[in-house]
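Architecture and fold: a report
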Amino acid sequence: MIFLNTLNNLKTKKIRVGRGIGSGKGKTSGRGVKGQKSRSGVAIKSFEGGQMPLYRRLPKRGFRPIYKDNVAVINLGNLQRLIDTNKISSEAKINIDTFKKSKLFRKSINKFKVLSNGDFNSKIHIEADYSSKNAKEKIEKAGGQITLKNQPK
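Let us look at the structure shown here. (Residues numbered from 1 in each chain as written. Predicted model: local features only at pLDDT ≥ 70, side-chain atom pairs only at ≥ 80, totals over all residues. Heavy atoms only, no water.)

A short note on the nonpolar core
- Membership of the largest hydrophobic core comes to 21 residues, with the highest contact counts inside it found for L79, F99, F112, V114 and I126.
- For this core, the elements supplying multiple residues, two or more each, are β1 (71–75), α3 (76–84), α4 (96–101), β3 (111–115), β4 (125–128) and α5 (133–141).
- For this core, the element with the highest residue contribution is α3, accounting for four residues.
- Apart from the residues lying within four places of it in its own chain, the contact partners of L79 are I74, I88, F99, F120, I124 and I126. (Core = buried A, V, L, I, M, F, W, Y, C linked by side-chain atoms within 4.5 Å. Buried < 20%, exposed > 50% of the residue type's maximum accessible area, 1.4 Å probe, protein only. Helix = DSSP H or I, 4+ residues; strand = E, 2+ residues; numbered from the N terminus. Contact = heavy atoms within 4.5 Å.)

See the structure below:
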């Protein structure tokens with residue numbers, strides 16, 4: 001019991017600056033005398049005493065294009081599952097607006113690609129921006145049709 005009390009007393013108290021000469025941190029409150037650092041509201045961030053600062057020593061990296069295409073990827077197996085669960089209709093033409101209306105793609109997505117992963121056996125008409133060769137073959141084998149936008153026919 002006594003041991004616990006001594007542990008609690010080891011906790012250091014916060015130093016209250018500017019509370020008189022007897023405190024040891026009175027008058028200038030540990031800031032020294034005059035100069036920029038003694039004033040309030042002054043911060044010299046990333047200043048390294050005249051040495052070339054770190055943010056200027058390191059090279060600039062990367063570029064974030066403004067008009068970058070956000071391309072979503074959908075596998076045929078996932079597409080088949082969506083058709084089976086009636087989230088999208090296999091009779092209607094399937095395009096990017098179909099996926100956005102059913103809230104499967106975010107609004108920021110502006111292109112999508114069809115990949116061949118998974119089993120597929122529905123007869124659909126799909127309009128995509130990109131497609132893999134295997135996906136195109138699987139769709140046509142199932143009796144469907146795929147048209148690629150902005151692609152030479």
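A short note on the environment of I83
- Tracing the backbone shows I83 in helix α3.
- Relative accessible area serves as the criterion here: at 9%, I83 is assigned to the buried category.
- Between the C-alpha atoms of I83 and G118, which are 35 residues apart in sequence, the distance is 14 Å.

Here's the deal with a nonpolar patch on the surface
- The grouping of V42, I44 and F47 at the surface amounts to a nonpolar patch, some 270 Å² of accessible area in total.
- Assignment of secondary structure puts F47 in the loop between α1 (2–9) and α2 (54–57). (Patch = residues over 30% accessible without salt bridge, like charges linked within 9 Å, V, L, I, M, F, W, Y side chains within 5 Å. Areas by Shrake-Rupley, 256 points an atom, 1.4 Å probe, with all protein chains shown as cover. Salt bridge = Lys/Arg side-chain N within 4 Å of Asp/Glu carboxyl O.)

Considerations on the pattern of salt bridges
- Counted under the stated rule, the structure contains four salt bridges.
- We note a salt bridge from K111 to D69, for which the minimum N-O separation is 3.1 Å. Linking K111 in strand β3 with D69 in the loop between α2 and β1, this pair joins segments that are 42 residues apart in sequence.
- A salt bridge links D129 to K149; the shortest N-O distance between them is 3.8 Å. Separated by 20 residues along the polypeptide, D129 in the loop between β4 and β5 (130–131) and K149 in the segment after β6 (145–148) bring together distant segments of the chain.
- On the accessibility criterion, D129 (5% relative accessible area) is buried.

Section: the sheet that holds β6
- Spatially, three strands are ordered β2-β4-β6 in an open sheet, and the strand pairing comes out parallel. Either end of the sheet is taken by a strand with one partner, and the two such strands are β2 (93–94) and β6.
- Sheet topology note: the β2/β4 ladder contains two bridges and is parallel. Bridged to I94 within β4 is I126. (Pairing = 2+ DSSP bridges.)

Section: the sheet that holds β1
- The three strands are arranged β1-β3-β5 in an open sheet whose pairing can be described as parallel. Each having just a single partner strand, β1 and β5 make up the two edges of the open sheet.
- Pairing analysis gives five bridges linking β1 to β3, with the strands arranged parallel. Following the sheet pairing, V71 is matched in β3 by K111.

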